[in-house]
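# What the coordinates show
So the chains spell out like this:
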Amino acid sequence: MSTIEGLERLLAVEEIVSLQSRRVRAVDTQDWALYKVCHTDDFISYTMADPITGIDKVVAGLSVHLEGVRTSHLVTSPEIVFTSAVTATGIWVLHDRLWWEQEGSAHFCYGWGFYNDTYAKRDGRWLFTSRKIIRTRVETSPGARLTG
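All of the points below concern the structure found in this document. (Residues numbered from 1 in each chain as written. Predicted model: local features only at pLDDT ≥ 70, side-chain atom pairs only at ≥ 80, totals over all residues. Heavy atoms only, no water.)

### Observations regarding the overall build of the protein
Looking only at helices and strands, the protein has three helices and six strands in total. Reading the helices (α) and strands (β) of the protein from amino to carboxyl end gives α-α-β-β-α-β-β-β-β. The C-alpha atoms of the protein give 16 Å as radius of gyration, which agrees with the globular expectation for 148 residues (15 Å, within 12%). C-alpha atoms of the protein, sized along the principal axes, occupy 55 × 25 × 25 Å. For the protein, long-range pairs separated by at least 24 residues make up 57% of all intrachain contacts whose partners lie at least 6 apart in sequence. For the protein, the accessible area works out to roughly 8,300 Å², and carbon and sulfur atoms hold 56% of it. When the 16 positive and 18 negative side-chain charges of the protein are each reduced to one mean point, those points stand 1 Å apart. (Helix = DSSP H or I, 4+ residues; strand = E, 2+ residues; numbered from the N terminus. Rg over C-alpha atoms; globule rule 2.2 N^0.38 Å. Contact = heavy atoms within 4.5 Å. Areas by Shrake-Rupley, 256 points an atom, 1.4 Å probe, with all protein chains shown as cover. Lys, Arg positive; Asp, Glu negative; His and termini not counted. Charge placed at Lys NZ, Arg CZ, Asp CG, Glu CD.)

As structure tokens, then:
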């Protein structure tokens, strides 16, 4: 049951949508300072084989993994559920594309799926507290290896 209703709920949803937009822009422009301030310090990423706890560790890994990689993320159709006045969950449709050079050849990875996010309102701002990616499809160029 939502503890946020009416106009307050609509404003909170808009703040979370804007947060997601900033985060996507930060990844695609590799603006790691902006990316960091979109998350809590104790953010948990469930996008790799093992969870990574701490936004500093996540940024360190992403900045290496995406070095030399161009990305484009499209996230749509948010399903935001408020679990309290200061916490929420969100599911977003995801379509991401990555391009890079590998051994002198151009390569790509196209992915589809869902982001499953959690949020908390801290010091008056909504921030990401966790993220899990559920992939429904991935297409890569022949021989592609995207490693950091």
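### Some remarks on the sheet that holds strand 5 (residues 105-122)
In space, the six strands of this open sheet follow the order 2-1-6-5-4-3, with mixed pairing throughout. Lying at the two open borders of the sheet, with one neighbouring strand each, are strand 2 (52-53) and strand 3 (70-82). Examined bridge by bridge, strand 4 (residues 87-102) and strand 5 share 16 bridges and lie antiparallel to one another. Note that in strand 5 the partner of Gly90 across the bridge is Asp117. Relative to strand 3, helix 1 (residues 6-29) is tilted by about 160 degrees, and along the sheet it contacts strand 1 (39-45), strand 3, strand 4, strand 5 and strand 6 (125-140). Sheet contacts for helix 3 (residues 55-65): strand 1 and strand 2; angle to strand 1, the most-contacted strand, approximately 65 degrees. (Pairing = 2+ DSSP bridges. Axes fitted to C-alpha atoms, helices over the stretch in contact; angles between N-to-C directions.)

### A closer look at the side chain of Asp96
Positionally, Asp96 belongs in strand 4. A polar atom in the side chain of Asp96 sits 2.8 Å from the side chain of Arg135. Setting aside residues no more than four positions away along its own chain, Asp96 makes contact with Ser72, His73, Cys109, Tyr110, Gly111, Trp112 and Arg135. (Polar contact = N/O pair within 3.5 Å; in protein donor to acceptor, adjacent residues only side chain to side chain.)

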